[in-house]
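# An overview of the molecular structure
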Amino acid sequence: MQLVVGKIGRAHGIRGDVSVEVRTDEPELRLGPGAVLLTDPAAIGPLTVESGRVHSGRLLLRFAGVKDRTAAEALRGTMLIAEVDPDETPEDPDEYYDHQLIGLDVVLADGTRVGELTEVVHLPYQDLLTVERPDGTEVLIPFVEQIVPTIDLDEQRVVITPPPGLIDPVDAVVASARADVDADAGSGSGSGSVADAGAGAGAGEQGGGA
């Protein structure tokens, strides 16, 4: 099975290094030195990772045969693809590969069906689950334990406990606040409203990946 594990960004320096947008929870395994990766476009690859390092929070890789900035810049936008055994599973039982999650039914705690999980979106701050609803619309679910407490591969379903407004914006809870000013400085009041339709930006331990 072929899984996208990264996307090449801009060149870094003059020795052939490139920045890489990581799309795997196991970069040390999938993008480590010696890894041979297929590419999209296919004509660019395969590419063999020669070395890697983290610089200012970004993964920098150097590929065999890519010796200067010009050659590195030519790789920009290339998708990196790893061959993965479809029966392989992560060592951590609370982690999942993307292909294990795609196609699962997404339901609420009471069993109400929300839709089908169609994609795992890997962002720098957390992963998101794309869920296609029966009417064809999509909703993004933060992949954190508080919102995605249960993944049952045997039953082929994901149980979510979304905060109000995450699935249906009309259900968002509106909070009001009133501030009182000290009487010596004059008194007055103010109010504001915030739609509580999302969740914190921390990535959960069970984030998917390849």
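Residues numbered from 1 in each chain as written. Predicted model: local features only at pLDDT ≥ 70, side-chain atom pairs only at ≥ 80, totals over all residues. Heavy atoms only, no water.

## Describing the overall build of the protein chain
Along the backbone of the protein chain there are three helices and 16 strands. In the protein chain, which comprises 210 residues, the proportion classed as buried is 36%. The contacts in the protein chain between residues at least 6 apart in sequence include a share of 51% that link residues at least 24 apart. As presented, the protein chain carries roughly 11,800 Å² of accessible surface, and 49% of it is formed by carbon and sulfur atoms. (Helix = DSSP H or I, 4+ residues; strand = E, 2+ residues; numbered from the N terminus. Buried < 20%, exposed > 50% of the residue type's maximum accessible area, 1.4 Å probe, protein only. Contact = heavy atoms within 4.5 Å. Areas by Shrake-Rupley, 256 points an atom, 1.4 Å probe, with all protein chains shown as cover.)

## Topic: the pattern of salt bridges
Counted by the stated rule, this structure contains six salt bridges. In this structure, the salt-bridge partner of K67 is E50, at a minimum N-O distance of 3.8 Å. Taken as a pair, K67 in the loop between strand 5 (58–63) and helix 2 (69–73) and E50 in strand 4 (residues 47–55) lie far apart in primary sequence, 17 residues in all. You can call K67 exposed: its relative accessible area is 55%. One salt-bridge network, in which partners are shared between bridges, spans D17, R53 and R62. (Salt bridge = Lys/Arg side-chain N within 4 Å of Asp/Glu carboxyl O.)

## Considerations on the pairing of strand 3 (residues 36–40)
A one-sided burial pattern is seen for strand 3, the buried positions being L37 and T39 and the unburied ones V36, L38 and D40. Hairpin connection, strand 3 to strand 4: the antiparallel pair is bridged by six residues. Pairing of strand 3 with strand 6 (residues 79–83), which is carried by three bridges, proceeds in the antiparallel orientation. Each bridged residue has a counterpart across the sheet, and for T39 the counterpart in strand 6 is L80. (Pairing = 2+ DSSP bridges.)

## Quick notes on the confidence of the model for the protein chain
Looking at the protein chain as a whole, the pLDDT averages 80, with 76% of positions reaching at least 70. Predicted confidence is poor over residues 175–209, with pLDDT under 50, and the contacts of this stretch with residues over four places away or in other chains come to 69 contacts. (pLDDT = per-residue confidence, 0-100.)

## Comments concerning a negative patch on the surface
On the surface, E116, E119, E132, D135 and E138 cluster together into a patch of negative charge. Note that E116 resides in strand 9 (residues 113–122). (Patch = residues over 30% accessible without salt bridge, like charges linked within 9 Å, V, L, I, M, F, W, Y side chains within 5 Å. Lys, Arg positive; Asp, Glu negative; His and termini not counted. Charge placed at Lys NZ, Arg CZ, Asp CG, Glu CD.)

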